[in-house]
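Reading the structure
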Amino acid sequence: MFIQALKEQLGEAPLSPGEVAIVGAGPGDPGLLTLRALCLLNQADCLVYDRLVSPDVMALAPQAAQRFYVGKASRCHALTQDETNQLLVRLAVTGKRVVRLKGGDPFIFGRGGEEAEMLVDNGIPFRVVPGITSAQGCSAYAGFPLTHRDYAQGVTFVTGHARADGSLNLDWPALASRRHTLVFYMGLTNAELIRRELLANGVPSRLPVALIERGTTPQQRRVITTLDRLPDTIRDESLTPPTLIVVGEVVSLAARLDAGCLAEAVA
Ligand SMILES: C[S@@+](CC[C@H](N)C(=O)[O-])C[C@H]1O[C@@H](n2cnc3c(N)ncnc32)[C@H](O)[C@@H]1O
């Protein structure tokens, strides 16, 4: 009933047989799903989903929808990207309404662009629904903003994922600019390299760093450290993926804003 009213209110064309919707599922909390995502989820014959799509989001999908898990933990893929592409094409050409659910936003380190290109190449109609990316969700739920007039005039989302040859080819001098927040996705394995390069390019060793594991979910863990202690903290706290690394003065606001949120909650 609610979904039907929502569909009418949004006025979006229904998902057609043979169409694919590439949908951002947000970072985990089902409350961060967009209304468009919820509507499309409810029209799916088939759901093709990644490891980062939370069980609470999956629970909002219709029971009758067929589920295809395509995985993707680091170096441990249930299906290769090619196999995932082929699956999407196969389901679409057999007339299914396909929802391709991706953690966070499909176009931010989500390979959504590659999947969209492949759908174009195969003449399959598709639409894309953005999601809240983990940097946004995790920072808000960890209690600090990504930009702030006094602390950071910009924010950069950076991949911490190395190429097959182990290199992380980033413009370190540019990343080291002052009053700027850096958010490293997939950065745990290369934390030592991140620390070394930032220090070598003049970033202060005492700059605060937040590590947010499973952000926005009931299992969220937030650990605050400093740049010089980044790899040690990851090891000491046994942090595991998915974890975001946020580097910048904005992190220092966490304690203050936490106190404010708490005061409001108990008032
Ligand atoms: C392949 S990228 C996918 C990013 C996703 N498309 C997005 O917009 O958030 C996976 C990385 O995103 C980060 N990530 C995704 N969800 C997260 C969460 N709930 N908590 C912390 N980090 C998360 C982690 O750094 C993880 O290694």
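Below you will find a few notes about this structure. These figures come from a predicted structure and were not determined experimentally. (Residues numbered from 1 in each chain as written. Predicted model: local features only at pLDDT ≥ 70, side-chain atom pairs only at ≥ 80, totals over all residues.)

1. Considerations on the overall build of the protein
Each helix and strand in the protein was counted, giving 10 helices and 10 strands. A compact globule built from 267 residues should have a C-alpha radius of gyration of about 18 Å, and the protein, at 20 Å, falls within 12% of that. On the principal axes, the C-alpha backbone points of the protein span a range of 55 × 55 × 30 Å. Within the protein, the proportion of its 267 residues that are buried is 38%. Put simply, 72% of the contacts in the protein that link residues at least 6 apart link residues at least 24 apart. (Helix = DSSP H or I, 4+ residues; strand = E, 2+ residues; numbered from the N terminus. Rg over C-alpha atoms; globule rule 2.2 N^0.38 Å. Buried ≥ 20, exposed ≤ 12 C-beta atoms within 10 Å, placed from the backbone. Contact = placed C-beta atoms within 7 Å.)

2. So, the sheet that holds strand β5 (residues 126-129)
Paired through their backbone hydrogen bonds, the strands of a sheet run either parallel or antiparallel. If you walk across this open sheet you meet the five strands as β3-β2-β4-β1-β5, and the pairing is parallel. Strand pairing shows two members of the sheet lacking a second neighbour, β3 (66-71) and β5, which therefore form its edges. Neighbour-to-neighbour, the strand axes of the sheet open up by a mean angle of 15°, direction not taken into account. Taken strand by strand, helix α4 (residues 81-93) contacts β1 (20-24), β2 (46-50), β3 and β4 (98-102), and its axis lies near 155° from that of β4. (Pairing = 2+ DSSP bridges. Axes fitted to C-alpha atoms, helices over the stretch in contact; angles between N-to-C directions.)

3. Let's talk about the site of the ligand
What surrounds the ligand is a group of 23 residues, the closest being Gly104, Gly110, Thr133, Ser134 and Gly215. When residues of the shell around the ligand are traced back to their parent elements, those giving at least two are α6 (134-142) and β10 (243-247). For the shell around the ligand, the residue count by class is 11 nonpolar, nine polar and three charged. Counting contributing residues, the shell around the ligand receives three or more from each of domain 1 (2-129) and domain 2 (134-257). (Near = placed C-beta within 6 Å. Nonpolar A, V, L, I, M, F, W, Y, C, P; charged D, E, K, R; others polar. Domains from an automatic or database assignment.)

4. Comments concerning the nonpolar core
With 31 residues, the main nonpolar core has Ala21, Val23, Ala37, Leu40, Val98 and Val99 as its most contacted residues. Elements with a contribution of two residues or more to this core: β1, α2 (35-41), β2, α4 and β4. The leading source of residues in this core is α2, at five residues. One finds Ala135, Leu188, Ala210 and Leu230 within the second-largest nonpolar core, a separate group that totals 29 residues. (Core = buried A, V, L, I, M, F, W, Y, C linked by C-beta atoms within 7 Å.)

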